[in-house]
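# Observations on chain architecture
So the chains spell out like this:
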Amino acid sequence: MAGAIASRMSFSSLKRKQPKTFTVRIVTMDAEMEFSCEDLLMTSKIALVLEVLDHDVPTEEPVTFHFLAKFYPENAEEELVQEITQHLFFLQVKKQILDEKIYCPPEASVLLASYAVQAKIGHSVSASFQYGDYDPNVHKRGFLAQEELLPKRVINLYQMTPEMWEERITAWYAEHRGRARDEAEMEYLKIAQDLEMYGVNYFAIRNKKGTELLLGVDALGLHIYDPDNRLTPKISFPWNEIRNISYSDKEFTIKPLDKKIDVFKFNSSKLRVNKLILQLCIGNHDLFMRRRKADSLEVQQMKAQAREEKARKQMERQRLAREKQMREEAERTRDELERRLMQLKEEATMANEALMRSEETADLLAEKAQITEEEAKLLAQKAAEAEQEMQRIKATAIRTEEEKRLMEQKVLEAEMLALKMAEESERRAKEADQLKQDLQEARESERRAKQKLLEITSKSSYTQSMNSSTTALPTDLPSFNLISESLSFDFKDTDMKRLSMEIEKEKVEYMEKSKHLQEQLNELKTEIEALKLKERETALDILHNENASRGNSKHNTIKKLTLQSTKSRVAFFEEL
């Protein structure tokens, strides 16, 4: 990525005043450094010195410069070779989206916010807190309350509470599990680079008819916009169609590559802006042509080193992921064994209690059976005595009728009593038999309970031995050497083959994920549509919705615009 320090300061008086020293502050997207300008001039290590001398020096100190990317890549994944470059560029693009210098639709803003949360796991100086992978036990409700993740325009457009936004961001954040910081940042940039205003610098111009227009300069070419529509260009001229750009005073002259086509001109609004426009045009044109040629040896070496570093990091992440997976599986196995052990202990306790109850029941039944048997014997004895009394009464002769009647009545009563006693005796005998049967069943239950307790005790001993042997983590892992606090890997052919297969697999998964992602974006858009406050829609919101309804995107719009010949597009520009 080509970079440059963009500053709002001016430094031309340095030539006149030639101060010995003054304090300079350089501000990057995640750090600041401050030093003396005398040291800067003496060492001449920063290529910006000569440019600084052409500007005016402000009186206040420290003099602040902002270190930002001046030229945006067409394909961030291909062109951002070094990880630190990617990180700083990610922070710059994220800030531009949050500051609404780059328009981003609401549903895409939520997705980008989820990647920004996942990316906050690195060693950034400005990161006061790091999130890592989503964990519902750690990331409780409100954990994003202090984060600036969505453009204010998006938040104001819907009747949604911060909790509702957090819920939707978290739903996507949870799907990014396992992504490293650089991977999450790259996914963010791959989405951001397809936004219509990404990397476009806008300047007010007039064509030869005096019509007020906007000139857009980006990595793909020159684009002409209506002042009220910065999303959709009216005309585009790719860099490969442009041969030369120059300016005189406020007038710019563009020479097409086809010499048969006349030059076309436009006037800028401010003379001071002309130099910046020309620098952007020359730089973007040069980078556009370089991308379409073979890389230089230096760039090839940088990319090869970056690929090796990426492969090493990927293998390291895979190793850590496998270790984490094995550790989690071991922990789950341990938890399951502990749960099973507790279950067995509970079953053993219940079996002991059942055994005690069975023993108590058996003792009670035996005692009751003995009492019933004794009662039956006593009743039988009383019945025999009653029978004897009846026989004695029958043998006694009572001469008088009264005695006879009384005797008959006593005999009847004695017979009824004897019959009743016999029935009670028979009932008690049956009850005694039933109690004996219950006692036998209780003793059988006691025997089975003792047998089950013995089995449970055996299982508990085996489980505890298994628990002590299972909690140790496997040690059959890819080898690496720890030397002087640095990791070194030995790459083998099998490792590279496996890595190649995994890369191919990732490509297929990426295509499937892209389709799934678009479906999710559409679902979210439909879901929150009912909460939209139509009266708060901005002009860009309306224009974006119109483009989306027509199926227009950034790239297919430019492709359609360049289908016409350069000559017809030049003529169209001049007639605007």
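Residues numbered from 1 in each chain as written. Predicted model: local features only at pLDDT ≥ 70, side-chain atom pairs only at ≥ 80, totals over all residues. Heavy atoms only, no water.

## So, the overall build of the protein chain
A tally of regular secondary structure across the protein chain gives 16 helices and 13 strands. Counting over 576 residues, the protein chain shows a buried share of 37%. Contacts in the protein chain between residues far apart in sequence, at least 24 positions, make up 70% of those at least 6 positions apart. Total accessible area on the protein chain is roughly 35,600 Å²; 53% of this is exposed by carbon and sulfur atoms. (Helix = DSSP H or I, 4+ residues; strand = E, 2+ residues; numbered from the N terminus. Buried < 20%, exposed > 50% of the residue type's maximum accessible area, 1.4 Å probe, protein only. Contact = heavy atoms within 4.5 Å. Areas by Shrake-Rupley, 256 points an atom, 1.4 Å probe, with all protein chains shown as cover.)

## Remarks on empty space enclosed by the protein
Enumeration over the complete set of coordinates arrives at five cavities of 30 Å³ or more. The computed volume of the largest cavity comes to approximately 120 Å³. Surrounding the largest cavity, 14 residues form its lining, Glu-196, Leu-231, Pro-233, Lys-554 and Ile-558 being those nearest its centre. Only strand S7 (221-225) and helix H15 (554-561) provide two or more residues apiece to the lining of the largest cavity. In terms of residue count, H15 provides more of the lining of the largest cavity than any other element does, three residues in total. (1 Å grid on protein atoms, 1.4 Å probe; cavity = no way out; pocket = protein on both sides within 12 Å on 5 of 7 lines; lining within 4 Å. Points joined across faces, edges and corners; volume = space filled by probe spheres on them.)

## So, unusual backbone geometry
Despite not being glycine, Glu-100 shows a phi value in the positive range, around 65°. Take Glu-100: it is sitting in the loop between helix H5 (83-98) and helix H6 (106-119). Among the residues examined, Glu-100 registers a relative accessible area of 35% and is labelled partly exposed. Phi angles above zero are rare outside glycine, and Asp-249 is one such case at about 60°. Here Asp-249 shows up in the loop between strand S9 (242-248) and strand S10 (251-256). We classify Asp-249 as exposed; its relative accessible area is 52%.

## Structural notes on the packing of aromatic side chains
Enumeration according to the criterion identifies 12 aromatic pairs in this entry. With centroids separated by 5.3 Å and ring planes inclined at 85°, the aromatic side chains of Tyr-72 and Tyr-198 adopt a geometry described as edge-to-face. Residue Tyr-72 is found in the loop between strand S4 (63-68) and helix H4 (76-79), and its partner Tyr-198 is found in the loop between helix H9 (181-192) and strand S5 (201-206); the two are separated by 126 residues along the sequence. Their ring planes at 80° and their centres at 6.4 Å tell us that Phe-89 and Tyr-198 sit as a pair that is edge-to-face. Residue Phe-89 is located in helix H5, and its partner Tyr-198 is located in the loop between H9 and S5; the two are separated by 109 residues in the primary sequence. Accessibility classification places Phe-89 together with Tyr-198 in one group, the buried group. An aromatic cluster is present here, built from Tyr-72, Phe-89 and Tyr-198 joined pairwise through their rings. (Phe/Tyr/Trp six-rings, centres within 6.5 Å; stacked < 30°, edge-to-face > 60°.)

## A look at the sheet that holds strand S6 (residues 212-217)
Sheet architecture is open: seven strands sit in the order S8-S7-S6-S5-S11-S10-S9, paired in antiparallel fashion. Looking at the sheet topology across the chains shown, the edges are occupied by strand S8 (235-238) and S9. Going from strand to strand, the sheet's axes swing by 30° on average, the running direction of each strand aside. Inspection of the sheet shows S5 paired to strand S11 (residues 264-268) by two bridges, in the antiparallel sense. The residue of S11 that forms the bridge with Arg-206 is Asn-267. Strands S5, S6, S7, S9, S10 and S11 of the sheet are contacted by helix H10 (residues 271-291), whose axis makes an angle of about 165° with S9. (Pairing = 2+ DSSP bridges. Axes fitted to C-alpha atoms, helices over the stretch in contact; angles between N-to-C directions.)

## Observations regarding the environment of Leu-80
Checked against the element boundaries, Leu-80 lands in the loop between H4 and H5. Here Leu-80 falls in the buried class, since its relative accessible area comes to 5%. Through-space distance from the C-alpha of Leu-80 to that of Lys-303 is 9.3 Å; in sequence the pair is 223 residues apart.

## Considering the side chain of Asn-274
Relative to the helices and strands, Asn-274 resides in helix H10. Within polar-contact distance, the side chain of Asn-274 engages the side chain of Ser-268 at 2.3 Å. Ignoring anything within four residues of it in the chain, the contact list for Asn-274 reads Tyr-247, Asp-249, Lys-250, Phe-252 and Ser-268. (Polar contact = N/O pair within 3.5 Å; in protein donor to acceptor, adjacent residues only side chain to side chain.)

## Some details on the nonpolar core
Ranked by size, the top nonpolar core spans 52 residues in total, and within it Phe-89, Val-93, Ile-97, Ile-169 and Tyr-188 carry the most contacts. Looking at this core, the elements with two or more residues in it are H5, H6, helix H7 (152-157), helix H8 (162-173), H9 and helix H13 (493-529). Looking at this core element by element, the count peaks at nine residues for H6. Residues Phe-71, Ile-224, Phe-237 and Ile-254 belong to the second largest nonpolar core, which totals 27 residues. (Core = buried A, V, L, I, M, F, W, Y, C linked by side-chain atoms within 4.5 Å.)

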